[in-house]
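# Chains, contacts and geometry: an overview
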Amino acid sequence: SQTIHQWPATLVQPVGSPLSLECTVEGTSNPNLYWYRQAAGRGLQLLFYSVGIGQISSEVPQNLSASRPQDRQFILSSKKLLLSDSGFYLCAWSVGGGFYNEQFFGPGTRLTVL
Amino acid sequence: GQQVMQIPQYQHVQEGEDFTTYCNSSTTLSNIQWYKQRPGGHPVFLIQLVKSGEVKKQKRLTFQFGEAKKNSSLHITATQTTDVGTYFCAPSSGTYKYIFGTGTRLKVLA
């Protein structure tokens with residue numbers, strides 16, 4: 001069976017510090033991978049998605065970046081965090097090779113920037 | 001770009017009452033997915049609609065895709081406390097990305 005892992009679960013970082021959030025998927029190959037951000041009490045904002053190793057599509061221009069160094073690994077990074085980067089970061093995967101596939105979400109990382 | 005409106009934003013109902021949330025897109029959709037997020041949790045997939053006018057049922061939940069494939073609805077009959085959470089629509093225009101709606105937060109009063 002497939003599982004998706006995200007860590008850390010919670011994170012408190014000062015403004016201007018770097019960020020690295022990691023997401024890994026087990027039990028599947030060549031998944032589509034997604035990073036979303038959810039502000040408190042709000043909807044999900046798509047940040048990045050990837051359909052293959054090294055292929056990253058950015059949806060929102062900001063101080064965040066994403067990388068996919070391995071097939072089942074997706075990393076979200078920032079060189080300098082802003083207060084507005086606080087939120088609930090969710091990684092998701094779907095079966096690769098098609099559009100009509102459900103997304104499976106990880107447990108998320110709650111980031112607070114102070 | 002594609003815009004997705006979901007209404008209402010909040011809904012409080014008495015247990016046993018019905019509930020409906022609507023999702024409207026500014027563009028014609030290829031398909032639409034619905035997710036439920038419990039408080040403090042992550043979104044969980046409920047259903048996917050692909051065909052124009054499609055209606056799907058899951059026990060007390062009824063999902064409908066508009067004839068023009070620009071809107072969708074989720075109806076819950078006789079709500080229960082376990083229905084509490086935020087319901088999101090996630091339409092796609094035929095690409096790998098899904099734009100999530102703003103969500104409808106449902107509270108059920110026992």
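Preceding this paragraph is the structure being described.
Attention in this report is confined to the structure presented alongside it. (Residues numbered from 1 in each chain as written. Chains lettered and ligands numbered in written order. Predicted model: local features only at pLDDT ≥ 70, side-chain atom pairs only at ≥ 80, totals over all residues. Heavy atoms only, no water.)

This part takes up the overall build of chain A. What chain A contains, in helices and strands, is 0 helices and 11 strands. The N-to-C order of helical and strand elements in chain A reads β-β-β-β-β-β-β-β-β-β-β. Relative to the globule expectation of 13 Å for 114 residues, the C-alpha radius of gyration of chain A, 13 Å, shows essentially globular dimensions. Over its C-alpha atoms, taken along the principal directions, chain A stretches across nearly 40 × 25 × 20 Å. A burial count over chain A gives 46% of its 114 residues as buried. (Helix = DSSP H or I, 4+ residues; strand = E, 2+ residues; numbered from the N terminus. Rg over C-alpha atoms; globule rule 2.2 N^0.38 Å. Buried < 20%, exposed > 50% of the residue type's maximum accessible area, 1.4 Å probe, protein only.)

Once that is clear, we can look at the overall build of chain B. In terms of helices and strands, chain B carries 0 helices and 10 strands. Compactness check: chain B gives a C-alpha radius of gyration of 13 Å against a globular reference of 13 Å for 110 residues, within 12% of the reference. Its C-alpha atoms give chain B principal-axis dimensions of about 40 × 25 × 20 Å. A buried classification covers 45% of the 110 residues belonging to chain B. Within chain B, contacts between residues separated by at least 24 positions form 54% of all contacts whose residues are at least 6 apart in sequence. Total accessible area on chain B stands at roughly 5,200 Å², and carbon and sulfur atoms take up 52% of it. When the 12 basic and 6 acidic side-chain charges of chain B are each reduced to a single mean position, those positions are 10 Å apart. (Contact = heavy atoms within 4.5 Å. Areas by Shrake-Rupley, 256 points an atom, 1.4 Å probe, with all protein chains shown as cover. Lys, Arg positive; Asp, Glu negative; His and termini not counted. Charge placed at Lys NZ, Arg CZ, Asp CG, Glu CD.)

Now for the sheet that holds strand E5 (residues 44-49) of chain B. Residue and element names in this part refer to chain B. The strand order E2-E10-E9-E4-E5 describes an open sheet built from 5 strands, whose pairing is mixed. Both edges of this open sheet fall to strand E2 (10-14) and E5, since each of them pairs with a single strand only. Sheet twist, expressed as the average angle between the axes of neighbouring strands with direction ignored, equals 20 degrees. Pairing of E2 with strand E10 (residues 104-109) involves 5 bridges; the strand directions are parallel. Directly across from Val13, in E10, lies its bridge partner Val108. (Pairing = 2+ DSSP bridges. Axes fitted to C-alpha atoms, helices over the stretch in contact; angles between N-to-C directions.)

Bringing the environment of Glu67(B) into the picture now. Residues and elements named next belong to chain B. Looking at where Glu67 falls in the secondary structure, it is placed in the loop between strand E7 (61-65) and strand E8 (71-76). Residue classification places Glu67 among the exposed residues on the basis of a relative accessible area of 65%. As a C-alpha pair, Glu67 and Glu54 span 13 residues in sequence and 8.0 Å in three-dimensional space. Not counting residues within four places of it along the chain, the set of residues in contact with Glu67 comprises Ser52 and Gly53.

Residue and element names in this part refer to chain A. What you see with strand E1 (residues 3-7) is a clean split: Ile4 and Gln6 sit on the buried side and Thr3, His5 and Trp7 on the side with no burial. Bridge count for E1 against strand E3 (residues 19-26) is 5 bridges, and the pairing is antiparallel. Paired with Trp7 across the bridge in E3 is Glu22.

All right, on to the pairing of strand E1 (residues 4-7) of chain B then. All names here are of chain B. Because side chains alternate across E1, one face comprises the buried residues Val4 and Gln6, and the other comprises Met5 and Ile7, none of which is buried. Note that E1 and strand E3 (residues 19-25) share 4 bridges and pair antiparallel. The residue of E3 that forms the bridge with Val4 is Ser25.

Okay, the interface of chain B and chain A next. Opposite the 22 residues of chain B that make contact, chain A presents 24 residues. Contact between chain B and chain A buries roughly 1,900 Å² in total, counting both sides, with carbon and sulfur atoms accounting for 56%. The tally of links from chain B across to chain A stands at 1 salt bridge. Counting across the chain B and chain A interface gives 5 residue pairs in polar contact (both at pLDDT 80 or more). Going through the elements one at a time, strand E4 (31-37) and E5 of chain B are the ones with two or more residues in the side of chain B that touches chain A. The element that contributes the greatest number of residues to the side of chain B that touches chain A is E4(B), accounting for 4 residues. A per-class count over the side of chain B that touches chain A returns 8 nonpolar, 12 polar and 2 charged. (Buried area = accessible area lost by both parts, 1.4 Å probe. Salt bridge = Lys/Arg side-chain N within 4 Å of Asp/Glu carboxyl O. Polar contact = N/O pair within 3.5 Å; in protein donor to acceptor, adjacent residues only side chain to side chain. Nonpolar A, V, L, I, M, F, W, Y, C, P; charged D, E, K, R; others polar.)

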